[in-house]
Amino acid sequence: MSTAGKVIKCRAAVAWELKKPFVIEEIEVAPPKAHEIRIKIYNSGICHTDNHALVGGMAGVKFPIILGHEGAGIVESVGEGVKSVKPGDHVIPLCSPMCMECPCCLHPDSNFCVKNDVGKNVGLMLDKTSRFSCKGKLIHNFMSSSTFTEYTVVDEIACVKIDPKAPMDQVCLIGCGFSTGYGTVLNTAKVPPGATCAVFGLGGIGMSAVMGCKVSGAKRIIGIDINKGKFAIAKELGCTECLDPNDFDKPIHEVIVEMTNGGVDYSFECIGNVEVMASTILASHYSYGVANIIGVPPSTARLSIDVMWLLTGRTLNGAFLGDWKAPVSFPGLVQDAMKKKFDLGALVTHKLPFEKINEGFDLMNHGKCIRTVLDF
Ligand code: APR
Ligand code: ZN
Ligand code: ZN
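Residues numbered from 1 in each chain as written. Chains lettered and ligands numbered in written order. Predicted model: local features only at pLDDT ≥ 70, side-chain atom pairs only at ≥ 80, totals over all residues. Heavy atoms only, no water.

Draft legend 1. Here's a closer look at the coordination of the zinc ion (ligand 2). Within the first shell, the zinc ion (ligand 2) binds the protein through Cys47 (SG), His69 (NE2) and Cys176 (SG), at distances of 2.1 to 2.2 Å. Spacing between the donor residues of the zinc ion (ligand 2) along their common chain follows C-x21-H-x106-C. Here the residue cysteine 47 occupies a position in the loop between β3 (36-45) and α1 (48-55), and histidine 69 occupies one in the loop between α1 and β4 (71-78), the gap between them amounting to 22 residues. The residues cysteine 47 and histidine 69 share a single accessibility class, namely buried. (Donors = N, O, S within 2.8 Å, 3.2 Å for Na, K, Ca; no water. Helix = DSSP H or I, 4+ residues; strand = E, 2+ residues; numbered from the N terminus. Buried < 20%, exposed > 50% of the residue type's maximum accessible area, 1.4 Å probe, protein only.)

Here it is in structure tokens:
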């Protein structure tokens, strides 16, 4: 019996309150309205940004909410006017939607659509209503996607069709973490062959940046982390050396400047710590280095730098979702993953059934995993 047009009751991990564990609840998911898509989620990665939202690091996030923004699934039904997908299509919900008509979408170098909810955190569909409810209460959505639920509804601009042969338990990472780290290296920094790179933070984002440096042909890739447990995988993925700042009695950027005869060509901050961001700038060569900020700090944090750091010739970049125009680029990234241009499977160190989501967050917060992927 078709569920199209009907309210679906299913399980979701609801974050009722700030800083409280998720509760698996039965929720109601309303049918998609015009230009909306209802998706059965099969897999979702757990990203640090979900934790940011949960603990209050992202200003304005509204509760109760269904978090999760790194998923893959199959279209269950579509609202009126939807042309890009049909029921049965395999898709990735987009945490960075693109309307393809605003100045940002039309600009060749931008992907941050005016309809992106990050920073605003309205937590609703574009028509300012929600499709989720539980026990009579409205539940908000997150980053236009909400993937910690068996069924979600997204606006058509927040969904892209992918190859149905792609393994959803790996390509879900293309929805955020992988694309963010990898794309900043390829699209934002445009690392050329032979470059020397430093990657600060070897989590899911940092490891993906390492993979990007490797694919770009960097000759030296220095990984930096305070957790030595990350070094073995980092070296497998392409790091030529790994450093733990705690092993040195001077700041790590000074160590890197000495090791590289003045500083690296390209540095990447993949943690979300403003002090490490300063170090990331200083580890790049004072005259031609390019520092790239990827990590998301708490929204109240401020980066303080000496302007001379830039006036000597350095470049400072920031990017969202690796500067990919997701609806255009993700299908190709999925193909690249299937052709093993990079090994997404290496990032998935843990898989858990969806009900064990709180365990997944513990693994992440205790530095025990690169990525945990939930199975629905
Ligand atoms: N110096 C070096 N490494 C550090 C430091 C530090 N001061 N603090 C933390 N780290 C390391 C951790 O040990 C961990 O390996 O940074 C890594 C961060 O990895 P994850 O926690 O797995 O985070 P990830 O999902 O990769 O996201 C990183 O990018 O998208 C953003 O919101 C996200 O801000 C977060 C960042
Ligand atoms: Zn993310
Ligand atoms: Zn747009």
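Draft legend 2. View of the site of ligand 1. Near ligand 1 there are 19 residues, and of these His48, Thr49, Ile205, Asp225 and Val296 occur at the shortest range. One nitrogen or oxygen atom from the side chain of aspartate 225 is found 2.6 Å from an oxygen atom belonging to ligand 1. In the environment of ligand 1, an oxygen atom lies 3.0 Å from a nitrogen or oxygen atom belonging to the backbone of isoleucine 271. Computed on the free molecule, ligand 1 has an accessible area of 730 Å², of which 87% lies beneath the protein chains in the complex. Contributing elements (two or more residues each) for the shell around ligand 1: α1 and α5 (204-215). Looking at which element gives the most residues to the shell around ligand 1, the answer is α1, with three residues. Its residues assigned to classes, the shell around ligand 1 comprises seven nonpolar, nine polar and three charged. (Near = heavy atom within 4 Å. Polar contact = N/O pair within 3.5 Å; in protein donor to acceptor, adjacent residues only side chain to side chain. Areas by Shrake-Rupley, 256 points an atom, 1.4 Å probe, with all protein chains shown as cover. Nonpolar A, V, L, I, M, F, W, Y, C, P; charged D, E, K, R; others polar.)

Draft legend 3. Broad picture of the coordination of the zinc ion (ligand 3). The protein atoms that coordinate the zinc ion (ligand 3) are Cys99 (SG), Cys102 (SG), Cys105 (SG) and Cys113 (SG), at distances spanning 2.3 to 2.4 Å. Each of the four donor atoms bound to the zinc ion (ligand 3) contributes to angles spanning 104 to 117°, and the resulting shape is tetrahedral. In primary sequence terms, the donor set of the zinc ion (ligand 3) follows C-x2-C-x2-C-x7-C. In this structure cysteine 105 comes out as buried when scored by relative accessible area, which is 6%. (Tetrahedral: all angles 85-135°; square planar, octahedral: opposite > 155°, others 65-115°.)

Draft legend 4. Just unusual backbone geometry, in detail. Between phenylalanine 63 and proline 64 the backbone carries a cis peptide bond, its omega angle lying at -10°. Along the polypeptide, proline 64 turns up in the loop between α1 and β4. At methionine 143, a position not held by glycine, the phi torsion is positive, near 45°. Take methionine 143: it is sitting in the loop between β7 (137-139) and β8 (151-155).

Draft legend 5. Focus on the pattern of salt bridges. Using the criterion set out here, one finds 20 salt bridges in the structure. In this structure, the salt-bridge partner of aspartate 127 is arginine 131, at a minimum N-O distance of 3.2 Å. One network of salt bridges, in which partners are shared, links Lys33, Glu36, Asp127 and Arg131. (Salt bridge = Lys/Arg side-chain N within 4 Å of Asp/Glu carboxyl O.)

Draft legend 6. Region of interest: the layout of surface pockets. The computed volume of the second largest pocket comes to approximately 220 Å³. Along its surface, the second largest pocket is lined by 15 residues, and Lys115, Asp117, Leu124, Leu126 and Lys128 are the ones closest to its centre. Across the lining of the second largest pocket, the residue classes tally to eight nonpolar, two polar and five charged. (1 Å grid on protein atoms, 1.4 Å probe; cavity = no way out; pocket = protein on both sides within 12 Å on 5 of 7 lines; lining within 4 Å. Points joined across faces, edges and corners; volume = space filled by probe spheres on them.)

Draft legend 7. Main features of the environment of cysteine 213. Among the secondary structure elements, cysteine 213 is positioned in helix α5. Residue cysteine 213 is classed as buried on the basis of its relative accessible area, which comes to 0%. Taking the C-alpha atoms as reference points, cysteine 213 and histidine 107, 106 residues apart in sequence, are found 26 Å from one another. Look past the residues within four positions of cysteine 213 in its chain and what remains in contact with it is Val185, Cys197, Val199, Ala218, Ile221 and Phe268. (Contact = heavy atoms within 4.5 Å.)

Draft legend 8. Region of the structure containing the sheet that holds strand β1 (residues 8-14). In space, the four strands of this open sheet follow the order β1-β2-β6-β7, with antiparallel pairing throughout. At either end of the open sheet lies a strand with only one pairing partner, and these are β1 and β7. In this sheet, neighbouring strand axes are inclined to one another by 45° on average, regardless of whether the strands run parallel or antiparallel. In terms of strand pairing, β1 meets strand β2 (residues 23-29) through seven bridges, oriented antiparallel. In the strand pairing of β2, valine 14 is matched with valine 23. (Pairing = 2+ DSSP bridges. Axes fitted to C-alpha atoms, helices over the stretch in contact; angles between N-to-C directions.)

Draft legend 9. Here's a closer look at the nonpolar core. Phe148, Ile174, Phe178, Phe268 and Phe330 are the most contacted members of the largest nonpolar core, which has 100 residues in total. With residues up to four places along the chain from it excluded, the contact list for phenylalanine 178 reads Leu173, Gly183, Ser208, Met211, Leu333, Phe342, Leu344 and Leu347. Listed in part, the 11 residues of the second largest apolar core include Phe200, Ile224, Leu243 and Ala283. (Core = buried A, V, L, I, M, F, W, Y, C linked by side-chain atoms within 4.5 Å.)

Draft legend 10. Summary view of the side chain of histidine 90. Among the structural elements, histidine 90 can be located in strand β5 (residues 90-93). Sequence-distant contacts of histidine 90, defined by excluding residues within four places in its chain, comprise Gly73, Ile74, Val160, Lys161, Ile162, Asp163, Pro164 and Met168.

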